[in-house]
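Each chain is listed here by its residues.
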Amino acid sequence: MAQRILPPVLVLGLITVVGPFAIDMYLPALPSMGKSLNASPLAVQMSLMAYFIAVGLCQLFYGPLSDIVGRKRPIYAGMTIFALGSIGCALAPNIYVLIGFRGLQGFGACAGMTIPRAIVRDMRTGHEATRIMSLLMLIVSISPILAPLTGSFIIGAFGWRAVFGVLTGAAIVGVLLAATQLTETRPARHRSDSTWRSAFGAYRLLLVDPMFIGLSFIGAFGISSFFIYIGSASFVFINHYALSPTLFSLCFALNAVSFFAFSQMTARLTARFGLAPVIRVAVSGFAGVTAILAVLMSLGADSLPLMIGFLFVGYGCLGVVIPTASVLALERHGAIAGAASALMGSIQLVTGAAVLAVAGVFAEGAPQPMVIGIAACGVAAFLVAQFGLRRSVDVPAAGYS
């Protein structure tokens, strides 16, 4: 057996980040990709939606599978499928083929985006799990910082198709890391009662748990705001504000810096105040800041620094919300952590894809529709938190259930 030299949270972060890289790395190329494939902006955004929908729905398969056969083997399968989808995207002759292979990419990517959350739940609970989840978010936040910059350099030197060659290599690295640096946190003795029938029973149990559903939708609307930003930002920054792809990448990275910097405060805050109170306050901050920005820009304040500043603060608040909501949602469901992680991720990403589809109808390449959509997601998350968590109490750490 190969010697394990990397911390588990680093390995989980590197595996998880492969999927987000497939989103962020090609963002600078969206306008030029449309021209290359003779596709409209809406058709290009469909390649994003296909990826999001595949990741969202296929988590419902990978989560129970990881409960039944263990955590590592589904990661191997998912990374392999992701690599095949990346090769297909690199060779796509038109936008329709690209959309199809983006869907295949998403089917593979969701293994690496779902199972690490279940592994965290296997290892820890309570604010200690929040600390690990925040570290995982820190590593994953590398993607929107480095991926667009890396993508802009690769696209400038070799064209947009080369991005998918790099993603193929990233998937291979993911397989090697899982094989050599991860231990199996779901051993056979814990899998004996896990079947597909029990998985569907777990989904029924989760769907009638109002706390779980509420927390999942808080994360869903937060992530939906990201999707709107991801789908529109390159057109807004490059076409409307006339930034170069490299400058767009730098501006895009600022929100990721804010997100991961604030996320590192979550363990300390939740240990002192509790999970649910922290979520309520942070989601209120996100909704308030984005709503003010939407009002200002609707009144004619078309200012790039203004937009960047408000989004920096807003996504900082969201950096506290998402890892905390994930931990609290999984807290009482350790025995079915894979299924719970999958259903939560599916709710979040399918909601995000649906919101992106609606927002795409109103997108004009101008900033106002983008920030109004982001604010609407913030207000929706706020309402769910205020009504869905009104009677909630934090669940005491339950050990290694």
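Residue numbers restart at each chain and count upward from 1, following the sequence in its written direction. Owing to the predicted nature of the model, reporting of local features is limited to residues with pLDDT of at least 70; listing and counting of side-chain atom pairs is limited to 80 or more, with chain, interface and lining totals taken over all residues. Calculation of side-chain values draws on the structure's entire complement of heavy atoms; hydrogens and water are dropped beforehand.

Caption draft 1: View of the packing of aromatic side chains. Two aromatic rings, drawn from Phe, Tyr or Trp (for Trp, its six-membered ring), form a pair once their centres lie within 6.5 Å of each other, and the interplanar angle then sorts them: stacked below 30 degrees, edge-to-face above 60, tilted otherwise. Taken as a whole and assessed by the stated rule, the structure comprises 13 aromatic pairs. When the centroid spacing of 5.2 Å and the interplanar angle of 65° are considered together, the rings of Phe61 and Tyr62 count as edge-to-face. With a centroid separation of 6.3 Å and 85° between ring planes, the pair formed by Tyr229 and Phe237 is classed as edge-to-face. Of the two residues examined, Tyr229 and Phe237, each falls in the buried class. Only protein chains enter the accessibility calculation, which uses a 1.4 Å probe. A residue is then buried if its area is under 20% of the maximum for its type, exposed if over 50%, and partly exposed in between.

Caption draft 2: Main features of a nonpolar patch on the surface. Taken together, Leu84, Ile87, Leu91, Phe101 and Leu104 make up a surface patch of nonpolar side chains, about 450 Å² in accessible area. Taken together, the elements giving at least two residues each to the nonpolar patch come down to helix H5 (72-90) and helix H6 (95-123). The way it works is that DSSP assigns letters per residue, a run of H or I at least four long becomes a helix, a run of E at least two long becomes a strand, and they are numbered from the N terminus. Looking at the element boundaries, Leu84 is found in helix H5. Each patch groups residues whose relative accessible area exceeds 30% and which form no salt bridge, using 9 Å between like charges and 5 Å between nonpolar side chains of Val, Leu, Ile, Met, Phe, Trp and Tyr. The Shrake-Rupley method, run with a 1.4 Å probe, gives the accessible areas here. Residue values count only the displayed protein chains as cover. A side-chain nitrogen of Lys or Arg and a carboxyl oxygen of Asp or Glu constitute a salt bridge if their distance falls within 4 Å.

Caption draft 3: View of the confidence of the model for the chain. Predictor confidence is given residue by residue as pLDDT, running from a minimum of 0 to a maximum of 100. Averaged over all residues, the pLDDT of the chain equals 83, while 90% of them reach at least 70. Per-element confidence in the chain is highest for H5, whose mean pLDDT is 94, and lowest for helix H7 (residues 126-140), whose mean pLDDT is 67. Low confidence marks residues 393-401, where pLDDT is under 50. Its contacts with residues over four positions away, or in another chain, come to 21 contacts. Contact criterion: two residues are considered in contact whenever any of their non-hydrogen atoms come within 4.5 Å of each other.

Caption draft 4: Quick peek at H6. Every helix has an expected span of 1.5 Å times one less than the residues it contains. With 29 residues, H6 should cover 42 Å at 1.5 Å per step; its first-to-last C-alpha distance of 42 Å lies within 8% of that length. When the local axis directions of H6 are compared, the greatest deviation, roughly 30°, occurs at Ala109. When you tally the buried positions in H6, you get 22 out of 29 residues, the bulk of the element. With a side-chain oxygen lying 3.0 Å from the backbone nitrogen of Tyr96, the N-terminal cap of H6 falls on Asn94. In this analysis the local bend is the angle between axes fitted, respectively, to the seven residues ending at and the seven residues starting at the residue. Within 3.5 Å is the distance limit for a polar contact, defined as a pair of N or O atoms, with the added protein rule that one can donate a hydrogen and the other accept it, and that residues adjacent in sequence qualify only through two side-chain atoms.

Caption draft 5: The arrangement of helix H16 (residues 304-330) in detail. In this model H16 runs 38 Å from its N-terminal to its C-terminal C-alpha over 27 residues, within 8% of the 39 Å that 1.5 Å per residue would give. Between a side-chain oxygen at the N-terminus of H16 and the backbone nitrogen of Leu306 the separation is 3.3 Å; the capping residue is Ser303.

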